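# Structural overview
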2 protein chains.
Amino acid sequence: MKRIVNDPDRLVEDGIEGYLAAYPQFYEKTENPRTLKRPQAPVKGKVGVVTGGGSGHEPAFLGYVGEGLLDAVAIGEVFSSPTAGAFLDAIKAAESGAGVVCLYGNYAGDNMNVKMAIKKAKAANIAVKTVMANDDVASAPKTEREKRRGVAGEILMWKVGGAAAAMGYDLDGVAQISQKAIDMCRSIGVGLSACTIPAVGKPNFTIADGKMEIGIGHHGEPGVDITDWKPAHETAKIMLEHVVEDKPFERGEEVVVLVSGLGSTPVIELYVYYAEIAKLLKEKGIIVHKCYVGNYFTSLDMMGVTLTIMGLDEELKKMVDYPVNSLALVQK
Amino acid sequence: MKRIVNDPDRLVEDGIEGYLAAYPQFYEKTENPRTLKRPQAPVKGKVGVVTGGGSGHEPAFLGYVGEGLLDAVAIGEVFSSPTAGAFLDAIKAAESGAGVVCLYGNYAGDNMNVKMAIKKAKAANIAVKTVMANDDVASAPKTEREKRRGVAGEILMWKVGGAAAAMGYDLDGVAQISQKAIDMCRSIGVGLSACTIPAVGKPNFTIADGKMEIGIGHHGEPGVDITDWKPAHETAKIMLEHVVEDKPFERGEEVVVLVSGLGSTPVIELYVYYAEIAKLLKEKGIIVHKCYVGNYFTSLDMMGVTLTIMGLDEELKKMVDYPVNSLALVQK
């Protein structure tokens, strides 16, 4: 076992304990041990913004709790959906009377549990709207967008929805702009080596030596192509083409670019990759309004990188530039 | 090759290009391609604060360029010292007439190159003071502190020195408080698996299956003990004892704690580890004024964790709490 854990089956509990011990300015317990909220939540008069997802993607999801971002998060087991109860308690923790948006990713378990949570929230007279992220272009054809998974585009959706809520948008308004944010997003990942869930002890999928998998999912879901290893500039080009053509992003358009490592990729390599993306976007006449390069949405110790691009209009740009303070995202 | 690179021998150049493309608000070229400065440097009347070191430790060293932190950084090859010329150009880029402190880590190459750079800087009438970090307790006995390596304690030294410079301390003052910061710091690392320099293509050291190496250095330098793998709570206890006994840190003392992953360690595991450290410190009556948990000083894709503790007095506390804005460190 090459990992820093106690009982691997208690990884999530132990991790949550660490978050609470390390950053009480960002996290507070709720009655549900699998739901954390920020100390300020619920914020009077503000639409609550919540999400939830499996563990192992740190800093997602907890790292995005903060001012101008998320109010509460439901926490699942490693690579598993949080329970309906955890989602419900996140919604309750964020509700101040203005309603709550739940901005989550399109996975079967999350869908099911969010739906159950909403039913119960409505029974408790909480107005809830949901927006489901489906930014991963590799996970289904464009004609079946509803089948696509949510990946790192979720972060930009939270950024936009969180800003709108902080700016005083009402429930419909926050839901609408969050939907617009994710509609404007496209992502793709590439995997170079697999990850290991500590409680399993060995990778649950493999990427052969000398190969890379274009379009791999955050849990090792199959990609669109297994190719020979390629240098960063070729990898960047292939990934960018998938993303740009799908939307499509056009010459003159302003965008946000988010490059995330999948866990083990050395940070300097993320910059090597971004340098290629920046060059290619320049050639295409696509203008980078803002970029993020780092480990923003990982898959334990997977080696690889994800690319997310979000198109901007004036309203979205305001949301992207709105101040924020969280562990994983700060205004720089 | 399981890595995101072009020509592995051009990793550093390509990475620097990415930094410049991604964050022009933080980085500006100098005449030396291996020296970057922040756009505001040199800041009139302010003591310049610079460092330098090998690549592969990202976000160190570049990530700590920013307001209230470093003004310029000399960049070496992967795991190698920057040249004397790069250090000299960092000093020149930071000099506004108030002098420059060079706050660096104790490695043979860095020592030699910093010394040569200072000789030339003095010949060019720049007043320079140096402080050399030697916070790694595992790298030499306490009686030979001058032989100890500098590790993640450097970050806290930069934080303190950078704040003092921003607050208007003069050259002697900045050097003195930076020295105090590092004198108050103790660190230790543990390695679970080795890292691979892309240009080499295979690890230059090994950690056997089922083993862990207490006290390993950032480049695989041998530690003080190779033991069977231990759960996080035992690992944390062993590491903390080394650090606490060496200084020693006493009951009632206030400290900063910095936990850094070495590259591949999933972030949730860093929190599992921190939860144990927090418990142990509480038992010892040592008070955590502030903590940092994340990937702050890495070694490419090594699996493992480092622990740094810095004791505080009122002056250091002011410096630690001083606002800062950089890629890797922000006020949260």
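What counts, and at which threshold
- Residues numbered from 1 in each chain as written.
- Chains lettered and ligands numbered in written order.
- Predicted model: local features only at pLDDT ≥ 70, side-chain atom pairs only at ≥ 80, totals over all residues.
- Heavy atoms only, no water.
- Least-squares fit on C-alpha atoms with pLDDT ≥ 70 in both.
- Contact = heavy atoms within 4.5 Å.
- UniProt positions renumbered as here; feature names shortened; annotations may be inferred.
- Helix = DSSP H or I, 4+ residues; strand = E, 2+ residues; numbered from the N terminus.
- Buried area = accessible area lost by both parts, 1.4 Å probe.
- Salt bridge = Lys/Arg side-chain N within 4 Å of Asp/Glu carboxyl O.
- Polar contact = N/O pair within 3.5 Å; in protein donor to acceptor, adjacent residues only side chain to side chain.
- Nonpolar A, V, L, I, M, F, W, Y, C, P; charged D, E, K, R; others polar.
- Buried < 20%, exposed > 50% of the residue type's maximum accessible area, 1.4 Å probe, protein only.
- Pairing = 2+ DSSP bridges.
- Right-handed = clockwise from strand over helix to strand, strands pointing away.
- Domains from an automatic or database assignment.
- Axes fitted to C-alpha atoms, helices over the stretch in contact; angles between N-to-C directions.
- Phe/Tyr/Trp six-rings, centres within 6.5 Å; stacked < 30°, edge-to-face > 60°.
- Lys NZ or Arg CZ within 6 Å of the ring centre and 35° of its normal.
- 1 Å grid on protein atoms, 1.4 Å probe; cavity = no way out; pocket = protein on both sides within 12 Å on 5 of 7 lines; lining within 4 Å.
- Points joined across faces, edges and corners; volume = space filled by probe spheres on them.
- Expected span 1.5 Å × (residues − 1).

## Re the relation of the copies chain A and chain B
When chain A is fitted onto chain B, the two copies agree to an RMSD of 0.0 Å after a turn of 180° and an axial shift of 0.0 Å. Taken together, the rotation and translation describe the operation of a two-fold axis. Taking the C-alpha atom as reference, chain A places Ser-264 of chain A closest to the rotation axis, 2.1 Å from it. Residue by residue, 100% of the interface of chain A is reproduced at the interface of chain B, so both copies engage with the same surface.

## Here's the deal with the UniProt feature "domain: DhaK" (unreviewed entry) in chain A
Listed under "domain: DhaK" (unreviewed entry) in the UniProt record, and renumbered for this structure, are residues 7-329 of chain A. The span residues 7-329 of chain A carries 33% helix and 24% strand; its end-to-end C-alpha distance comes to 30 Å.

## Quick word on the interface of chain A and chain B
Each partner contributes to the interface: chain A provides 61 residues, whereas chain B provides 61 residues. Taken together, both faces of the contact between chain A and chain B bury some 5000 Å²; the carbon and sulfur share is 63%. Connecting chain A to chain B are four salt bridges. The shortest N-O distance in the salt bridge between Lys-279 of chain B and Glu-17 of chain A comes to 3.6 Å. For the pair chain A and chain B, the number of links is 25 residue pairs in polar contact (both at pLDDT 80 or more). Of all the secondary structure elements, the ones that give two or more residues to the side of chain A that touches chain B are helix H1 (11-22), strand S8 (185-193), helix H6 (232-246), helix H7 (267-284), strand S12 (287-294), strand S13 (303-311) and strand S14 (325-326) of chain A. Among the residues making up the side of chain A that touches chain B, the classes are represented as 35 nonpolar, 14 polar and twelve charged.

## Let's talk about the pairing of strand S11 (residues 254-261) of chain B
Residues and elements named next belong to chain B. The element S11 is largely enclosed, with a buried count of seven among its eight residues. Pairing analysis gives seven bridges linking S11 to strand S12 (residues 287-294), with the strands arranged parallel. Counterpart to Val-256 in the pairing with S12 is Lys-290. This β-α-β element, S11 to helix H7 (residues 267-284) to S12, shows right-handed connectivity. Pairing of S11 with strand S13 (residues 303-311) involves seven bridges; the strand directions are antiparallel. Residue pairing in the sheet places Val-257 in a bridge with Ile-309 of S13.

## So, the domain arrangement of chain A
Residues and elements named next belong to chain A. The domain architecture assigned to chain A consists of domain 1 (12-133) and domain 2 (185-321). With centres defined by C-alpha atoms, the gap from domain 1 to domain 2 works out at 26 Å. Taken together, the contact pairs ten residues of domain 1 with eleven residues of domain 2. For the pair domain 1 and domain 2, the summed buried area comes to about 920 Å², and 66% of that belongs to carbon and sulfur atoms. Together, His-57, Phe-79 and Tyr-107 form the three largest contributors to the area buried by domain 1 at its contact with domain 2, with a combined 54%. The interface formed by domain 1 and domain 2 includes zero salt bridges.

## Digging into the sheet that holds S12 of chain B
Residue and element names in this part refer to chain B. As summarised here, the arrangement of the six strands in space is S10-S9-S8-S13-S11-S12, forming an open sheet in which the pairing is mixed. For this open sheet the edge positions go to strand S10 (225-228) and S12, each flanked by a neighbour on one side alone. Neighbouring strand axes in the sheet, compared pairwise and without regard to direction, differ in orientation by 15° on average. Pairing between strand S8 (residues 185-193) and S13: eight bridges, direction antiparallel. In the sheet register, Ile-188 faces S13, and the bridge partner there is Leu-307. Across the sheet, helix H6 (residues 232-246) is in contact with S8, strand S9 (211-214) and S13; its angle to S8 comes to roughly 155°.

## Quick look at the packing of aromatic side chains
Inspection of every chain in the model, using the stated rule, returns 18 aromatic pairs over all chains. An angle of 55° between the planes, with centres 5.6 Å apart, marks the rings of Phe-61 of chain A and Trp-158 of chain A as tilted. Note that Phe-61 of chain A is positioned in the loop between strand S3 (48-55) and strand S4 (66-67) and Trp-158 of chain A in helix H4 (residues 153-166), a separation of 97 residues in sequence. Grouping residues by exposure puts Phe-61 of chain A and Trp-158 of chain A together as buried. Ring geometry for Tyr-64 of chain B and Trp-158 of chain B: centres 5.4 Å apart, planes at 50°, overall tilted. Of this pair, Tyr-64 of chain B sits in the loop between strand S3 (48-55) and strand S4 (66-67) while Trp-158 of chain B sits in helix H4 (residues 153-166), and the two are 94 residues apart along the sequence. Both residues of the pair, Tyr-64 of chain B and Trp-158 of chain B, count as buried. Among the aromatic residues, those joined into a ring-pair cluster are Tyr-19, Tyr-23, Phe-26 and Tyr-27 of chain A together with Tyr-271 of chain B. The ring of Phe-249 of chain A has Lys-247 of chain A lying over it, and the distance from NZ or CZ to the ring centre is 5.4 Å.

## Things to note about the pairing of S3 of chain B
The side chains of a regular strand alternate, first on one face of the sheet and then on the other. All names here are of chain B. In terms of burial, S3 is largely enclosed, as eight of its eight residues are buried. In this structure, S3 lies alongside strand S6 (residues 100-105), joined through three bridges in parallel fashion. Following the sheet pairing, Val-50 is matched in S6 by Cys-102. The pairing of S3 with strand S5 (residues 72-78) spans five bridges and is parallel. Bridged to Val-50 within S5 is Ala-72.

## Looking at the sheet that holds strand S9 (residues 211-214) of chain A
Residues and elements named next belong to chain A. Read across the open sheet, the six strands follow the order S10-S9-S8-S13-S11-S12; overall the sheet is mixed. Bordering the open sheet on either side are strand S10 (225-228) and S12, each of which pairs with just one other strand. Averaged over neighbouring strand pairs, the angle between their axes works out to 15° when direction is ignored. Against the sheet, helix H5 (residues 171-183) makes contact with S8 and S13, and its axis sits at roughly 50° relative to S8, the strand it touches most.

## Concerning empty space enclosed by the protein
The tally for this structure, following the rule as stated, stands at seven cavities of 30 Å³ or more. Taken together, 28 residues line the largest cavity, and the ones lying closest to its centre are Asn-295, Leu-327 and Ala-328 of chain A together with Asn-295 and Ala-328 of chain B. Of all the secondary-structure elements, those providing two or more residues to the lining of the largest cavity are H7 and S12 of chain A together with H7 and S12 of chain B. The residue inventory of the lining of the largest cavity, partitioned by class, reads 20 nonpolar, six polar and two charged.

## Observations concerning helix H5 (residues 171-183) of chain B
Along an α-helix, residues three or four positions apart point the same way, because every turn accommodates 3.6 residues. Here H5 of chain B contains 13 residues, and its C-alpha end-to-end distance of 18 Å stays within 8% of the 18 Å for a straight helix at 1.5 Å per residue. When H5 of chain B is considered as a whole, its buried residues turn out to be Leu-171, Gly-173, Val-174, Ala-175, Ile-177, Ser-178, Ala-181 and Ile-182 of chain B.

## Brief notes about the layout of surface pockets
As a volume, the largest pocket reaches approximately 710 Å³. Around the largest pocket, the lining is made up of 21 residues, and of these Ser-193, Ala-194, Thr-196 and Asp-301 of chain A together with Ser-193 of chain B lie nearest the centre. Of the pockets and cavities examined, the second largest pocket occupies roughly 380 Å³. Contributing to the lining of the second largest pocket are 21 residues, with Tyr-274, Val-288 and Cys-291 of chain A together with Ala-21 and Ala-22 of chain B lying nearest its centre. Mapped by element, the contributors of at least two residues to the lining of the second largest pocket are H7 and S12 of chain A together with helix H1 (11-22) of chain B. If one sorts the elements of the lining of the second largest pocket by residue count, S12 of chain A sits on top with five residues. In the lining of the second largest pocket, the residues fall into 15 nonpolar, three polar and three charged.

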